[in-house]
Amino acid sequence: MGESGTTSNSSSPSGYALGPPWLFRGRALYQLHLVKADIARALIPNKLKLVEAFGYTLGGLFLAHYDDSPAGEFDELVVIPGIVWSPPTSCAWASRVLVNSHEACRHGRKEIGLPSHVAVFSKRDTTASEQPLYRCRTSSIHSKPKEQSEIQVLEMEGSSQIFICNISLPFAGDNRMGPQIRISLPSFSGQTIYNPRLLKYSCQIDCRVRAVEAVKISRPRTTQLNKFPNVTEVKKMNFDDRLTTENEERERSIAVLLSKPILALEFSLLKMQNLLS
């Protein structure tokens, strides 16, 4: 994505046709939040059990910029309402995936079963920028200002744009990178209008990781959660009925973003592969 905040239809020469596995390279922020279980429970399939304690679960967001991928360069915001359990393992569940690439959106919906939507990521510096925040594989939505940068995320719905949130990136005081890690994370997805099956796949990550200051999420408060159908009512809806609650699900996903952050991890020199089971 360029500074104009437009979405991309381009793809790399290899594309998704040569996978799986599909390889993504770039940089990301994984931020963990305490999310109210009532909010999270309405965003996960009935067949999966929410892992919770004392009325909360562990959710958050995954904000990434990919310099190289089967869809070319694009940005991604994944909303994670909580941890789900499906024996013999548990993993984070994504309730909404926003990307500024039509190709990545189509692939996510059809092949991975992700609740993907096309979005616009627009960057604005609160003060003049001096140099990229990430010196390695510079992101178009991450820069190093004197104070902070702000990303405005707008979801596309036909010809309309729906405001999702503002993400404030704090000043990065140094360019240090943490230790290198290599992990394989089990992942679930599916049960959407585009892919109704429950899919299981592996996400293999190789990167340098370190703890950083949490980003700040903001949004004008225009919707009250108590105006939504309660969790019991939502769970009684069949699959087709739940498709009519798109606005409520979007607002609940935004509530996840606005929940309390407890830890932020920066993934640099990221290499990520998705392997379908």
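Rules of the game
- Residues numbered from 1 in each chain as written.
- Predicted model: local features only at pLDDT ≥ 70, side-chain atom pairs only at ≥ 80, totals over all residues.
- Heavy atoms only, no water.
- 1 Å grid on protein atoms, 1.4 Å probe; cavity = no way out; pocket = protein on both sides within 12 Å on 5 of 7 lines; lining within 4 Å.
- Points joined across faces, edges and corners; volume = space filled by probe spheres on them.
- Helix = DSSP H or I, 4+ residues; strand = E, 2+ residues; numbered from the N terminus.
- Buried < 20%, exposed > 50% of the residue type's maximum accessible area, 1.4 Å probe, protein only.
- Polar contact = N/O pair within 3.5 Å; in protein donor to acceptor, adjacent residues only side chain to side chain.
- Contact = heavy atoms within 4.5 Å.
- Pairing = 2+ DSSP bridges.
- Axes fitted to C-alpha atoms, helices over the stretch in contact; angles between N-to-C directions.
- Arc of directions from axis to C-beta.
- Salt bridge = Lys/Arg side-chain N within 4 Å of Asp/Glu carboxyl O.

For the protein chain, the name recorded in an unreviewed UniProt entry is Protein NEOXANTHIN-DEFICIENT 1, with Ensete ventricosum as its organism.

## A short note on the layout of surface pockets
Taken as a whole, the largest pocket encloses approximately 810 Å³ of empty space. Phe 62, Val 78, Ser 187, Tyr 201 and Cys 203 are, among the 41 residues lining the largest pocket, the residues nearest its centre. By residue number, the principal contributor to the lining of the largest pocket is strand S13 (residues 180–190), which donates seven residues.

## A short note on the side chain of Glu 155
Within the secondary structure, Glu 155 is located in strand S11 (residues 148–157). Residue Glu 155 is classed as buried on the basis of its relative accessible area of 2%. Within the structure, Glu 155 has its side chain in polar contact with the side chain of Arg 96 (distance 2.9 Å). A distance of 3.4 Å separates polar atoms of two side chains, one belonging to Glu 155 and the other to Arg 250. Beyond its immediate chain neighbours, meaning those up to four positions away, Glu 155 contacts Arg 96, Leu 98, His 117, Val 118, Ala 119, Ser 160, Gln 161, Ile 162, Ile 164 and Arg 250.

## Side note on the pairing of strand S12 (residues 160–170)
A regular strand places its side chains so that they alternate between the two faces of the sheet. Bridging between S11 and S12 involves ten bridges; their strand directions are antiparallel. Residue pairing in the sheet places Gln 148 in a bridge with Pro 170 of S12. Following S11, the chain reverses through two residues before pairing antiparallel with S12; Gly 158 in that reversal takes a positive phi of roughly 65 degrees. Sheet analysis places S12 next to strand S15 (residues 216–218), joined by three bridges and oriented antiparallel. The residue of S15 that forms the bridge with Ser 168 is Lys 216.

## Things to note about the sheet that holds S15
Each strand in a sheet pairs with its neighbour through backbone hydrogen bonds, running either in the same direction (parallel) or in the opposite one (antiparallel). Taken in spatial order, the eleven strands make up an open sheet running S13-S14-S16-S1-S3-S4-S7-S8-S11-S12-S15, and their pairing is mixed. The open sheet terminates on both sides in strands that have one partner only, identified here as S13 and S15. The average angle at which neighbouring strand axes cross in this sheet is 30 degrees, direction not considered. Examined bridge by bridge, strand S7 (residues 96–99) and strand S8 (residues 116–125) share three bridges and lie parallel to one another. Pairing of Val 97 across the sheet is with Ser 116, part of S8. Helix H2 (residues 102–112) rests against strand S1 (22–36), strand S4 (74–80), S7, S8, S13, strand S14 (198–212) and strand S16 (260–276) of the sheet, and its axis sits at about 145 degrees to S8.

## Here's the deal with H2
Within H2 the residues assigned to the buried category are Ala 104, Cys 105, His 107, Gly 108 and Ile 112. One side of H2 holds all its buried residues, which, seen down the axis, span an arc of 165 degrees. Downstream of H2 by a residue or two, Gly 113 has a phi angle that is positive, lying close to 70 degrees.

## Let's talk about unusual backbone geometry
The omega torsion of the bond from Pro 87 to Pro 88 falls at 15 degrees, within 30 degrees of zero and hence cis. In this structure, Pro 88 sits in the loop between strand S5 (82–86) and strand S6 (89–93). Here the phi dihedral of Phe 54 falls at roughly 55 degrees; this positive angle occurs in a residue that is not glycine. As for its position among the elements, Phe 54 is in the loop between strand S2 (49–50) and strand S3 (56–68). With relative accessibility at 83%, the residue Phe 54 sits in the exposed group. In this structure, Gln 191 is a non-glycine residue whose phi angle is positive, near 55 degrees.

## Concerning the pattern of salt bridges
Two side chains that carry opposite charge are able to pair once their charged atoms sit near each other. Scanning all chains against the criterion turns up twelve salt bridges. Taking the shortest distance from any N to any O, the salt bridge between Glu 52 and Arg 41 comes out at 2.5 Å. On the criterion of sequence distance, the pair formed by Glu 52 in the loop between S2 and S3 and Arg 41 in helix H1 (residues 37–41) is long-range, its members being eleven residues apart. Between Glu 155 and Arg 250 there is a salt bridge, with its nearest N and O atoms 3.4 Å apart.

## With respect to the sheet that holds S6
Spatially, S2-S5-S6 is the arrangement adopted by the three strands of the open sheet, whose pairing is antiparallel. One side of each edge strand has no neighbouring strand; the edge strands of this open sheet are S2 and S6. Bridge count for S2 against S5 is two bridges, and the pairing is antiparallel. Within S5, the position partnered with Leu 50 by the bridge is Val 84.

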